[in-house]
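Here's the letter readout for the chains.
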Amino acid sequence: MTIICGYIDQSGKVWLGADSLVTGGDFIYPEPCRKIMQFGPWWLGIAGSGRSMQLASRSQDDIAASTHPEDIVQILMDLWALAGYKREEARFGPPDYDQYALLARKGELYTSSSNGILTTPSWGFMAIGSGMQIAYGAAYVARRLNDSGREVVYNAVAAACAMNTGCGGDLVIFPVE
């Protein structure tokens, strides 16, 4: 379970945040996990399987060299297919791998569903993972209170960790520069 989120503040600066708790069923791993990694100009976080970030690391040069977020989404889709991830038939749209990605670089923020659909934030904030709905609510309130970009992301991650048992550990908040 995870919360990974990002926010583009009014100045155009991108802020990212995540929890560090890793669970597997009823087991809680004793070591924290870095859930957002840098690949060249891109920052990538994946919710779904911890193995997905290991897979992405195998293609770090291709991800780093990508000029368009759609290229990174295709790299991830190809990796999930090669790794044998089961692709579930979706009720609407293409089949789904049940993996979600958050992509960012300076001034840009995207999420990708596991069927390859790329989205941009309508009001600056995006989140993936089990704590996503809670994070959206907290970010909305923080934004309405005119909090800084860092505070919006911090409040979103902190709320998800407080209210979702699958999120927790240290909070990691930083700007994309």
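Look a little higher up for the structure.
Residues numbered from 1 in each chain as written. Predicted model: local features only at pLDDT ≥ 70, side-chain atom pairs only at ≥ 80, totals over all residues. Heavy atoms only, no water.

### So, the pattern of salt bridges
Piece 1. With the rule as written, the count across this model stands at three salt bridges.
Piece 2. Across the salt bridge formed by Glu177 and Lys13, the nearest N and O atoms sit 3.9 Å from each other. Linking Glu177 in the segment after strand E11 (172-176) with Lys13 in the loop between strand E1 (4-8) and strand E2 (14-18), this pair joins segments that are 164 residues apart in sequence.
Piece 3. Assessed through its relative accessible area of 68%, Glu177 is described here as exposed.
Piece 4. A relative accessible area of 30% places Lys13 in the partly exposed class.
Piece 5. Note that Glu108 is salt-bridged to Arg105, the shortest N-O span being 2.9 Å. (Salt bridge = Lys/Arg side-chain N within 4 Å of Asp/Glu carboxyl O. Helix = DSSP H or I, 4+ residues; strand = E, 2+ residues; numbered from the N terminus. Buried < 20%, exposed > 50% of the residue type's maximum accessible area, 1.4 Å probe, protein only.)

### Thoughts on the packing of helix H4 (residues 132-144) against helix H5 (residues 149-163)
Piece 1. Following both chains from N to C, one finds H4 and H5 inclined at 145 degrees, their axes separated by 8 Å at the closest point. Crossing geometry of H4 relative to H5 is assigned as right-handed. Where H4 abuts H5, its residues Ile134, Ala135, Ala138, Ala139, Ala142 and Arg143 lie against Val152, Asn155, Ala156, Ala159, Ala160 and Met163.
Piece 2. Tallied by class, the residues present in the contact of H4 with H5 amount to ten nonpolar, one polar and one charged. (Axes fitted to C-alpha atoms, helices over the stretch in contact; angles between N-to-C directions. Left-handed = near helix turned anticlockwise from the far one by under 90°. Contact = heavy atoms within 4.5 Å. Nonpolar A, V, L, I, M, F, W, Y, C, P; charged D, E, K, R; others polar.)

### Points about the sheet that holds strand E5 (residues 36-39)
Piece 1. Taken in spatial order, the five strands line up as E5-E6-E7-E8-E9 in an open sheet, and their pairing is antiparallel. Two strands in the sheet have a free side with no partner beyond their single neighbour: E5 and strand E9 (118-119).
Piece 2. Across two bridges, the pairing between strand E8 (residues 108-112) and E9 is antiparallel. Its bridge partner lying in E9, Ser112 is registered against Leu118.
Piece 3. Seen against the sheet, helix H1 (residues 50-58) touches E5 and strand E6 (42-47) and runs at an angle of roughly 150 degrees to E6.
Piece 4. Sheet strands in contact with helix H3 (residues 69-82) are E6, strand E7 (100-105), E8 and E9, and its direction is about 40 degrees off that of E6. (Pairing = 2+ DSSP bridges.)

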